[in-house]
Amino acid sequence: CDEEAIMESDVSVLAVPITETIKILDRYYTKKLIIETCSVKTPFRKYKGHFISIHPLFGPLSYEKRKKILVIKDLSIPNYGSVLDELFPSYEFLEMDLEEHDKIMAIAQAIPYLLSLSVNVPEINIDMNSYNALKALINLRENENPDIMIDSIKLNPFAKPLIRKLLENISQ
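Everything in this summary refers to the structure shown in the same document.

Reading the values: the criteria
Residues numbered from 1 in each chain as written. Predicted model: local features only at pLDDT ≥ 70, side-chain atom pairs only at ≥ 80, totals over all residues. Heavy atoms only, no water. 1 Å grid on protein atoms, 1.4 Å probe; cavity = no way out; pocket = protein on both sides within 12 Å on 5 of 7 lines; lining within 4 Å. Points joined across faces, edges and corners; volume = space filled by probe spheres on them. Helix = DSSP H or I, 4+ residues; strand = E, 2+ residues; numbered from the N terminus. Nonpolar A, V, L, I, M, F, W, Y, C, P; charged D, E, K, R; others polar. Buried < 20%, exposed > 50% of the residue type's maximum accessible area, 1.4 Å probe, protein only. Phe/Tyr/Trp six-rings, centres within 6.5 Å; stacked < 30°, edge-to-face > 60°.

Details of the layout of surface pockets
Its volume calculated, the largest pocket comes out at about 890 Å³. Every residue lining the largest pocket is counted, 31 residues in all, and those nearest its centre are Pro56, Phe58, Gly59, Gln109 and Glu144. Of all the secondary-structure elements, those providing two or more residues to the lining of the largest pocket are strand 3 (52-56), helix 4 (98-118) and helix 6 (146-154). Looking at the lining of the largest pocket element by element, the count peaks at five residues for helix 4. Across the lining of the largest pocket, the residue classes tally to 19 nonpolar, nine polar and three charged.

With respect to the environment of alanine 108
Mapped onto the elements of the fold, alanine 108 is located in helix 4. A relative accessible area of 47% means that alanine 108 is categorised as partly exposed. Taking the C-alpha atoms as reference, alanine 108 lies 26 Å from leucine 25; in sequence the two are 83 residues apart.

Structural notes on the packing of aromatic side chains
Throughout the structure, instances matching the rule amount to six aromatic pairs. Judged by centre distance (5.0 Å) and plane angle (75°), the rings of tyrosine 29 and tyrosine 47 are edge-to-face. Of the two residues, tyrosine 29 is situated in the loop between helix 2 (18-28) and strand 2 (33-36) and tyrosine 47 in the loop between strand 2 and strand 3; the sequence distance between them amounts to 18 residues. Where phenylalanine 44 meets tyrosine 47, the ring centres are 6.4 Å apart and the plane angle is 40°; that geometry is what we call tilted. Residue classification places phenylalanine 44 among the buried positions, given a relative accessible area of 0%.

So this is what it looks like as structure tokens:
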């Protein structure tokens, strides 16, 4: 963490794993405006109203095509709209609350990440939709930070029941 950069900035946008974000928020959330971008929001309840919580719906390979950002309204400071409009002028903002966000991300990220990290398959020279879909799922890990993927699985309380159900279905 570059303390000098945070203290000299009007706004700091964090794009680091959840555990690092928590350390930074613990230190600066009452002193500086922080925007966190993590994939799980439950760990940030204790900072409610002292920062801006967003989840960009794009990554390094899709930011020019996908211009949508989820805003976690029940965690964020009241006047987050003006700050976000200035930082991301051409983006669309979709508001939701923490619980709705984490439930959706358990399905949309935690389970695909778990499968991506858990499966390896050999290359085969047959073009099949099911195999191609499996390879696309496995390839998620090629463009993601593994620490962020693991945090998205372990720290999302709504992922655990889905994982249990997945394991039950496999063992039947």
